[in-house]
Amino acid sequence: MPPRALFLTPEEPKIGSGGGGMRSASLLAYLQSKYDVQTVTFSLRTHSRSPAARAWRNAIRLARGCPPLFDRFSGYENQIAGALGGRYTLGVVEHFWCASYAGLLRTCCDRLVLDLHNIESQLARTHARAARWPASWASQRFSESYQRLEREWLPRYDLILTASEEDRRRVEHPQVRIFPNALPEIPRPSVLETNAIVFSGNLEYHPNVEAVRWFRERIWPRVREQAPAAEWRLVGSNPGAVEPFTGGDPRIVVVGEVEDAVAHLSAAKVCVVPLLSGSGTRFKILEAWAAGRAVVSTTLGAEGLGARHGEHLLLADDPDDFAGAILRLWNDSALRTRLGDAGWALYRERFTWPAAWRRLEESGGI
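No experiment lies behind these values; they were computed from the predicted model shown.

Analysis parameters
Residues numbered from 1 in each chain as written. Predicted model: local features only at pLDDT ≥ 70, side-chain atom pairs only at ≥ 80, totals over all residues. Heavy atoms only, no water. Buried < 20%, exposed > 50% of the residue type's maximum accessible area, 1.4 Å probe, protein only. Helix = DSSP H or I, 4+ residues; strand = E, 2+ residues; numbered from the N terminus. Pairing = 2+ DSSP bridges. Right-handed = clockwise from strand over helix to strand, strands pointing away. Salt bridge = Lys/Arg side-chain N within 4 Å of Asp/Glu carboxyl O. Contact = heavy atoms within 4.5 Å. Axes fitted to C-alpha atoms, helices over the stretch in contact; angles between N-to-C directions. Phe/Tyr/Trp six-rings, centres within 6.5 Å; stacked < 30°, edge-to-face > 60°.

### Observations concerning the pairing of strand β1 (residues 4–9)
On a regular strand, each side chain points to the face opposite its neighbour's, so the side chains alternate between the two faces of the sheet.
Part 1: With respect to burial, β1 is a largely interior element, 5 of its 6 residues being buried.
Part 2: Two elements, β1 and strand β2 (residues 36–41), share 6 bridges in a ladder whose sense is parallel. Its bridge partner being in β2, Arg 4 is matched across the sheet by Asp 36.
Part 3: Handedness of the crossover joining β1 and β2 through helix α1 (residues 19–32): right-handed.
Part 4: Sheet topology note: the β1/strand β3 (residues 88–94) ladder contains 4 bridges and is parallel. Each bridged residue has a counterpart across the sheet, and for Ala 5 the counterpart in β3 is Leu 90.

This is how it looks when you write it as structure tokens:
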């Protein structure tokens with residue numbers, strides 16, 4: 001019989017459920033090749049999603065110094081203990097949000113691994129720079145809280161996983177290995193371009209909200225004027241979160257949630273990643289590369305992927321430069337093809353599930 005492993009995750013590990021679920025699904029598939037894995041997920045207590053209720057909860061969290069998701073996934077020790085069965089050679093915890101269960105899991109797991117999808121203090125810090133007050137102030141406070149919690153909880157794990165070398169350098173721990181974000185092996189779509197600029201992602205996720213607002217206010221007006229046939233499409237779940245920035249323009253099309261983001265990206269002429277905050281690496285770029293399409297991204301948006309400006313994508317951090325990069329691609333089909341081919345080749349080389357598993361194995365595995 002293979003050794004037993006416990007996989008504790010706050011979100012269902014599956015394809016098509018967003019970047020977090022995709023990363024967890026990849027790691028779970030890797031573990032299942034080595035271990036008899038028991039997966040434990042959360043059934044959260046319901047609470048109101050109204051803006052007033054959310055603001056009240058976050059005010060309490062600010063006063064307590066406990067960030068939202070860390071608080072949201074705390075307090076389930078009894079339920080988790082009830083799901084455990086015997087001893088495990090390995091315990092893997094997904095997301096820093098669940099790091100506080102180390103003490104409970106140590107009682108039944110020989111080794112503990114914490115998979116950091118993001119460095120939460122870095123994510124909150126960059127959001128503080130990108131957001132407007134009072135969200136900027138709150139994010140800075142939560143970043144400081146996350147730093148304190150990271151110092152407290154990371155040492156309690158035997159091994160830490162990060163998505164990139166950049167994130168690895170942000171972690172103070174003697175054992176850190178890189179497990180890249182990756183997609184399953186996807187055949188390259190054969191779809192004709194349409195006159196579309198496409199942004200994809202969970203539209204409620206705060207880095208994506210800030211990205212959509214920045215693009216709508218600072219970049220889209222110039223692109224709209226100089227590319228009169230262009231349509232901006234937003235693909236992803238929770239489209240209501242960006243309604244304040246998308247209404248009133250018939251050339252902005254909110255597609256909403258789809259089963260296959262790569263299929264929608266494959267119809268784009270240009271894929272855009274105007275992120276101003278974040279950590280980890282961006283699945284939206286990997287999906288655009290898997291679709292064989294050219295990408296324009298901020299430097300932060302492409303962090304951790306090893307992509308080179310002018311070879312795999314175009315990078316721009318100034319709004320005018322970002323708009324100029326889109327228009328350059330819009331008018332140059334040969335450049336679009338060259339970048340799309342190079343991005344697709346990089347995805348196949350480094351960012352499929354088998355490639356991510358090989359990298360983890362070469363660094364020592366789990």
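Resuming the write-up.
### Concerning the pattern of salt bridges
If charged atoms from side chains of opposite charge come close, those side chains can pair.
Part 1: Under the defined criterion, the tally for this structure stands at 22 salt bridges.
Part 2: Notably, a salt bridge pairs Glu 152 with Arg 156, separated by 3.8 Å at the nearest N-O pair.
Part 3: Because the salt bridges share partners, they merge into one network encompassing Arg 61, Arg 64 and Asp 71.

### Notes on the sheet that holds strand β8 (residues 231–235)
Part 1: With parallel pairing, the 6 strands of this open sheet are ordered in space as β9-β8-β7-β10-β11-β12. One side of each edge strand has no neighbouring strand; the edge strands of this open sheet are β9 (252–256) and β12 (314–315).
Part 2: Across the sheet, helix α12 (residues 283–290) lies against β7 (196–200), β10 (270–273) and β11 (295–297), angled at about 165° from β11, the strand it touches most.

### So, the packing of aromatic side chains
Part 1: The tally for this structure, following the rule as stated, stands at 12 aromatic pairs.
Part 2: On the numbers, 6.0 Å between centres and 50° between planes, the contact of Phe 42 with Tyr 101 is tilted. Here the residue Phe 42 occupies a position in the loop between β2 and α2 (51–64), and Tyr 101 occupies one in the loop between β3 and α5 (102–106), the gap between them amounting to 59 residues.
Part 3: Seen from their ring centres, Phe 215 and Trp 232 are 4.6 Å apart, and the 45° between their planes marks the pair as tilted. Of the two residues, Phe 215 is situated in helix α9 (residues 206–226) and Trp 232 in strand β8; the sequence distance between them amounts to 17 residues. No difference in accessibility class separates Phe 215 from Trp 232, as the two residues are buried.

Scope: geometric values only; no functional claims are made or implied.
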